[in-house]
Amino acid sequence: ARAGNGNRKALFEALEKAPGVPAEFKDEAAAALIDVAFQSDNLKLGKERVERVMADPKASAALKERAAMYQLGLAAAEPGADLTAAVKKIEDAIAKTTDPSLKALGYNVLGDVYTAKGKTRDAMWSYLWVDVVYNQDRGEHLKAMTRLIKIFTEENDGEKVQLYKEKLARSR
């Protein structure tokens, strides 16, 4: 699990439950909690959060679309999942949407699946799609850059790490 996920989780849970918080912020918190579970390799919790969103009649259509994208990623990250078939489902979902934010989420989820399966190079290309093409959604763009920093750090590519750290600092 990544450092800081516990603090993020507590913050998003409080935001999600707080009275008087606008629906769009609650949606962001719900999606972020799914992402935190995914990043913490807690696939069971991620699936439970997705199911809660999908069953909630008050959940917005946009949140349900995001949850469906996460649902594909969580299923693909399961041990023993057919990676080729799972990647095709995620790519099909990305291709079907015209929303650049949902496309960015899709590519980030695809990168997360590749990372979970130990396919770092494929993950890098997915995150680069978000960085270069689908960077309109600030949150998804920041996630992609953060994950690229991690990949380049693992590959001991100090030049790219520095480049992305500077880019990330300018984006915040």
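Everything here concerns the structure above.
Residues numbered from 1 in each chain as written. Predicted model: local features only at pLDDT ≥ 70, side-chain atom pairs only at ≥ 80, totals over all residues. Heavy atoms only, no water.

Asks: Got a minute to help me understand the nonpolar core in this structure?
Replies: For soluble globular proteins, the rule of thumb is that nonpolar side chains tend to be buried together. Of all hydrophobic cores here, the largest spans 44 residues; its most connected members are Phe38, Tyr70, Ile90 and Val109. Among the secondary structure elements, those contributing two or more residues to this core are helix H2 (23-39), helix H3 (43-55), helix H4 (61-77), helix H5 (83-96), helix H6 (100-116), helix H7 (120-132), helix H8 (138-154) and helix H9 (158-171). Ranked by residues supplied to this core, first place goes to H6 with 8 residues. Formed by 5 residues, the second largest nonpolar core is a distinct cluster that contains Phe12, Ala29, Ala32 and Leu33. (Core = buried A, V, L, I, M, F, W, Y, C linked by side-chain atoms within 4.5 Å. Buried < 20%, exposed > 50% of the residue type's maximum accessible area, 1.4 Å probe, protein only. Helix = DSSP H or I, 4+ residues; strand = E, 2+ residues; numbered from the N terminus.)

Asks: For this particular structure, what's the right way to read the pattern of salt bridges?
Replies: Pairing between side chains of opposite charge can happen when their charged atoms approach one another. For the coordinates displayed, the defined rule picks out 11 salt bridges. Between Asp131 and Lys167 there is a salt bridge, with its nearest N and O atoms 2.8 Å apart. Of this pair, Asp131 sits in helix H7 while Lys167 is found in helix H9, placing the two residues 36 residues apart along the sequence. Among the residues examined, Asp131 registers a relative accessible area of 3% and is labelled buried. Ionic pairing is found between Asp157 and Lys160, a salt bridge with its closest N-O pair at 3.0 Å. Taking relative accessible area as the criterion, Lys160 reaches 37% and is therefore assigned partly exposed. A cluster of three or more residues bridged by salt bridges with shared partners is formed by Asp35, Asp112, Glu140, Lys143 and Arg147. (Salt bridge = Lys/Arg side-chain N within 4 Å of Asp/Glu carboxyl O.)

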